[in-house]
Every structure is written in C-alpha cells, then in structure tokens.
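# Results of the structural survey
The residues making up each chain are set out below.
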Amino acid sequence: MSSHTLTKVAAPEDAVPSRIVPRRRTGQWTAAGLVLILLGLAVNSVARNEAFQWDVVGDYFTSASVLRGLGLTLWLTGLVMALGFALGALLAAGRLSGNPVLRAVSWGYVWLFRSMPILVQLLFWFNIGALYPTLFGVKTVNLLGPVTVAIIGLTLHEAAYAAEVVRGGILSVDRGQIEAAEALGLSRWRRWWKIVLPQAMRSIVPPAGNMLIGTLKGTSIISVIAVQDLLYSVQLVYHRTYQVIPLLMVATLWYIIVTSVLSVGQYYVERHYGRGSERAR
Amino acid sequence: MSAPTTPAAGTGTATDGTADGPAAPMVDVRAVHKSFGSLEVLKGVDLEVRAGEVTVILGPSGSGKSTLLRTINHLEKVDQGWISVDGSLVGYRRSGDKLYELREREILKQRTRIGFVFQNFNLFPHLTVLDNIVEAPVSALKRSRKDVTEAARRLLDRVGLADKADAYPKQLSGGQQQRVAIARALALEPRLLLFDEPTSALDPELVGEVLDVIKDLAHQGTTMIVVTHEIGFAREVADTVVFMDDGRIVEQGAPGDVLDAPKHERTRAFLSKVL
C-alpha cells in the first residue's frame, strides 16, 4: 500500500515528530503593524492639535454643571430602560397571548410608537397643553414639566422596541420547555417567570444592551425641550464661551466612559444567563 | 355520535384492586376523536388501563399514538369522547350531556397526578439537575423545599445519578438526561406515568440504561403507558400491547398474542418491518 512507498523514502518519518509548527500568519502581523502606525498618527494629531484645547476639556470635565448633566442622563436612562422594558414585557406577553383583543392592542401600540420619530413625539408631548389645557383639574403645563415629558416620551418609544426584543427572546425558547412545565402542573406565572423568561434572557440581553447604550446617547435628544442632560449642560457652557470643540469632547469622553462600563456589565449579565448552556469539558 | 357514559361523579377511587369486584380502570379512554385542521389523527379510540399495569403502544409514525398519549394529560384537547384518569375526567367537568372545559388551575392540578416523559427530555437547561426535580413539587404542590430536596436526592439515587445533582442538563449524556426527566416526573408521586418514545432520541448504546429504569418502575407496580418502538421491551415488560394504525387501535392483547400471533394484517405488516 501507499504507506510502504512513503516509508521507503526516509526511515526517520516512522518516528513521532518532535513538535508541530503552526502556519506563519504574516498577514496578521502586517495588518497589526499598519493599524498601530495609523493609530499612533491619529493620537499624535489629536493630542498636538491645539484647537482641541485639552486644557479647557480638563477644566470642565468634572465641573459641577457637567456632573449634574451626567447625573440626569444616567438616572433618566436607567428609569426609561426600566419602565420601557416593564411595559415592553407586558406588550410582548399581550402579543403572544391567546386573547385576540390583547394581541391587537399590543400590535397597534408597537405599530404606532415605532412609526413616530422620537423627536416629533417629544415635541408633541411638550405641546400637549395646546390640545388639553387642563388635566384632572390642573393646568397641563404645571403637571407635565420638561423632565416628565422626557420620561413619558422616551419610555413610550422605548417600550415599543423593547416589546419586540422581549417577544423575540420568548420565541427563541423551545416549545417543549413550556409543554414540560405545563405537564408538571406549573402555574402560568411560574412557567413565565421561572422557565421561559430566564431562557429568553439569553437572546434578550445582547439587543437590550444595544438599546441601553442607544438610549444613553439617545437621551441627548431631550436637549430640544431644554432638559439639562449631559449634552445640554455643555451646550449651555459653549453658548457662553464659544469653546465648542473642547466642550463637545467633554460630553463625548463621558459617553465613551459610561458606554465602556455598560459593555463590561453586559458581558457579566450574558455570562449569568448563559449558565448551563455550555457542555462539560 | 352518542355521548358515552362517564364515571359517576363523586365516587371514591378504588383502583388498587383490593376492593371487591373488578376495580375501575385507572385510565379510561372512550371514543376519542382528535383532528389537527382537516387531518383526523384519532378516529375513535377506546382504551382501558388497569392500576399497576404496563401498556405499550406500538404503531407506525403518524398512527396517532403520541397524540393519544398527549390527550391523556390534556396537552392536546380532544374533539369528541372523553378520558378519565383515576376516576376523574381529564380537562372537563360533566353537566348533563355536555362537557365543560375546566379552568387552567384545575387542569394543572390534574396534571400533577400524571407524570409525562418526553422524547426530547425537555429538561430545563438553566436549572441544575436537582432544581429540575425540585421545581414542580415545591411550586405546584407547595411542599417544603427541604423535604422535596431530600426526596429528589433519593430519586436521583434510584435512577443511578446521585452524583449528578449539581450538574446542568447539557453536561449529561442523553441517557442520563432522560433518567433525570423520569426522576422529575416521579417527584410529583403521580398515579400514572406516560412515556412518549422515551428512547427514540438516544444513541443506541444509551437506550438500555433508560429502559432498565422504566423496567424497574414496572416491577414496582407503577401504572404506565409507554409509546415506543422497542419491541423487545414491549415483550418483556408489557401487560398489554396495543397496536395503532391510522388513528385507530387495530388490536390489543397480551404481548405473546399481539407480537407472536397477530390477528390483523396491518399488525403483521408492521411487525415484519421492525422485528
């Protein structure tokens, strides 16, 4: 056979080779070198360009008004995410329920609030006083301040998207899981809370992390209704001092820092919900 | 069709066979019809299973045997006829000549008395083996977690997996997963166990360990209905073998009769292919 012809060539090939040499990855190293050079050039240009005014960035980076704006951006993002996903989970449950009325209502909600640009919606809520001058016997303008309008508008918008994210997660859970839970006599609530949702979370977390980061930066849109978030805080400063670029850099750096922290958090949340999904090694 | 008589309401459940006269059947299926859309899957099935007996249902795929099994714990609703388990109607309440579907909570309570083992195990992948078993007795039967955990460990010992309590299902072989699924069903102390092709998803070398557990249960007098393709298992364990084809029970009887001297042509044709 062929092994005979092979062994005839050189006897040492019978012995076990002393080691295995991986293929050289020249392309990878070249690409890495190029990227490093470009990165160095970019950093050098940004750091040495005096128009960035890094000293001004330093001055305002931890100033009281910027930190207040950052604080508002953070709690608003958290609140909108929590309310949006709570409402979104209800909408998703409605969409998947056996009740045709609930299905239609949920579908209609998602259709309406995904169709409306968030900017239009915020301006609409901001001017709702023109449509309904009084609500519950109180002047609408007093009842719905800019921050309340921001919470309502962003939450309603967020919920429409969260509903689809949660629905997708639930659909990813094997039908047999629900049958097994039913066969064991688990109540509807228990099936949902203990069996379906934890498994759905694996598919919900990545898009939800995306939405959280999107919302963090998306809240900057409320500067149009004069809510003093991170972006609006730096805008107030540069309208006074005309140091537009360094102050935008202040906001940008803060957005990058918070996004980085959230991304690390997402990794751990994903790992938590991924438990039991890996095979033994 | 005429409504068959249902068991009298409120009668005690003398199904252990110690009472005088013939005991009422543990499972009583009468004239059950079931369609999926325009496809009629069950075309009038009657079946009786006595307490402590093992019934094995054989038949080609598409014959309706899995659907029949699923109607017995109301995973599928019947279109006509009725099913009773341990003296009470499954999924319905009778009033006059009508059957009214029960509320979900009552159906769930009935299901806790009927164990179901799936072809694909359907263990909860995000819970450990122990939590898979403990979940239903704690949340559906409101037992104390401590007692249930002790019982669960005994069950795991019984199916030979005492050392796997803290593993996740995906870390186990198919045969081990199915043994956990059996332990999970047993944890509710059901009056009846239903097996839906319990070994069909297993690699050939893992079939034996699962069948051994089921045989063990059979020898201890557990009432069970097993849908399977394992003819050898049917011959060894079954008290009654039921052969189904095209939505009907074609013939039934002792394994020796049905498997070795089938009366019906379709039974012969099926057995000649699988034996």
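The rules we used
- Residues numbered from 1 in each chain as written.
- Chains lettered and ligands numbered in written order.
- Predicted model: local features only at pLDDT ≥ 70, side-chain atom pairs only at ≥ 80, totals over all residues.
- Heavy atoms only, no water.
- UniProt positions renumbered as here; feature names shortened; annotations may be inferred.
- Helix = DSSP H or I, 4+ residues; strand = E, 2+ residues; numbered from the N terminus.
- Pairing = 2+ DSSP bridges.
- Buried < 20%, exposed > 50% of the residue type's maximum accessible area, 1.4 Å probe, protein only.
- Right-handed = clockwise from strand over helix to strand, strands pointing away.
- Contact = heavy atoms within 4.5 Å.
- 1 Å grid on protein atoms, 1.4 Å probe; cavity = no way out; pocket = protein on both sides within 12 Å on 5 of 7 lines; lining within 4 Å.
- Points joined across faces, edges and corners; volume = space filled by probe spheres on them.
- Nonpolar A, V, L, I, M, F, W, Y, C, P; charged D, E, K, R; others polar.

You'll find chain A entered in an unreviewed UniProt entry as Amino acid ABC transporter permease, with Streptomyces dioscori given as the organism. According to its UniProt record, chain A has this under Subcellular location (unreviewed entry): "Cell membrane". The record in UniProt for chain A states the following under Sequence similarities (unreviewed entry): "Belongs to the binding-protein-dependent transport system permease family."

### A short note on the UniProt feature "transmembrane region" (unreviewed entry) in chain A
Residues and elements named next belong to chain A. Per the UniProt record, the feature "transmembrane region" (unreviewed entry) sits at residues 29–47, 67–92, 104–126, 211–232 and 244–269. Between the end C-alpha atoms of residues 67–92 the distance is 36 Å, and the span holds 100% helix and 0% strand. The span residues 244–269 shows a helical share of 100% and a strand share of 0%, and its end C-alpha atoms are spaced 37 Å apart.

### Observations regarding the pairing of strand β6 (residues 92–95) of chain B
Residues and elements named next belong to chain B. Bridge analysis of β6 against strand β7 (residues 98–101) gives four bridges, and the strand direction is antiparallel. Across the sheet, residue Tyr-92 finds its bridge partner in β7, namely Glu-101. In this structure, the hairpin formed by β6 and β7 is closed by a connection of two residues, where Gly-96 is found at a positive phi of approximately 65°.

### Concerning the pairing of strand β9 (residues 192–196) of chain B
The two faces of a sheet get side chains in turn, since along a regular strand they alternate between them. Residue and element names in this part refer to chain B. Within β9, five of the five residues are buried, which leaves it mostly tucked inside the rest of the structure. Residue alternation in β9 divides its side chains into two sets, Leu-192, Leu-194 and Asp-196 and Leu-193 and Phe-195, and both sets are buried. Of the strand pairs in this sheet, strand β8 (residues 114–117) and β9 are connected by four bridges, and their pairing is parallel. Residue pairing across strands places Ile-114 opposite Leu-192, the latter belonging to β9. Two strands pair when backbone bridges link them, and β9 and strand β10 (residues 224–227) are joined in this way by four bridges, in the parallel orientation. Note on β10: the bridge partner recorded for Asp-196 is Val-227. In this region the chain leaves β9, passes through helix α6 (residues 204–219) and returns to the parallel neighbour β10; the handedness of that crossover is right-handed.

### Describing the environment of Leu-206 of chain B
All names here are of chain B. The topology assignment puts Leu-206 in helix α6. Residues Leu-206 and Lys-98, spaced 108 residues apart in sequence, show a C-alpha to C-alpha distance of 47 Å. Among residues more than four places away in sequence, those in contact with Leu-206 are Ser-173, Gly-174 and Gly-175.

### A short note on the layout of surface pockets
Counted as a void, the largest pocket has a volume near 980 Å³. Lining the largest pocket we find 29 residues, and of these Ile-178, Glu-182, Arg-188 and Arg-191 of chain A together with Glu-104 of chain B sit closest to its centre. Elements that contribute at least two residues to the lining of the largest pocket include exactly α4 (64–96), α9 (146–171), α10 (175–183) and α11 (188–218) of chain A together with α2 (104–111) of chain B. When residues of the lining of the largest pocket are assigned to their parent elements, the largest contribution, five residues, is made by α11 of chain A. Per-class residue counts for the lining of the largest pocket are 13 nonpolar, three polar and 13 charged. Of the volumes computed, that of the second largest pocket is approximately 570 Å³. In this structure, the second largest pocket is lined by 23 residues; those nearest its centre are Phe-85, Met-201, Ile-204, Val-205 and Ala-208 of chain A. Counting residues per element, the lining of the second largest pocket draws most heavily on α11 of chain A, at eleven residues.

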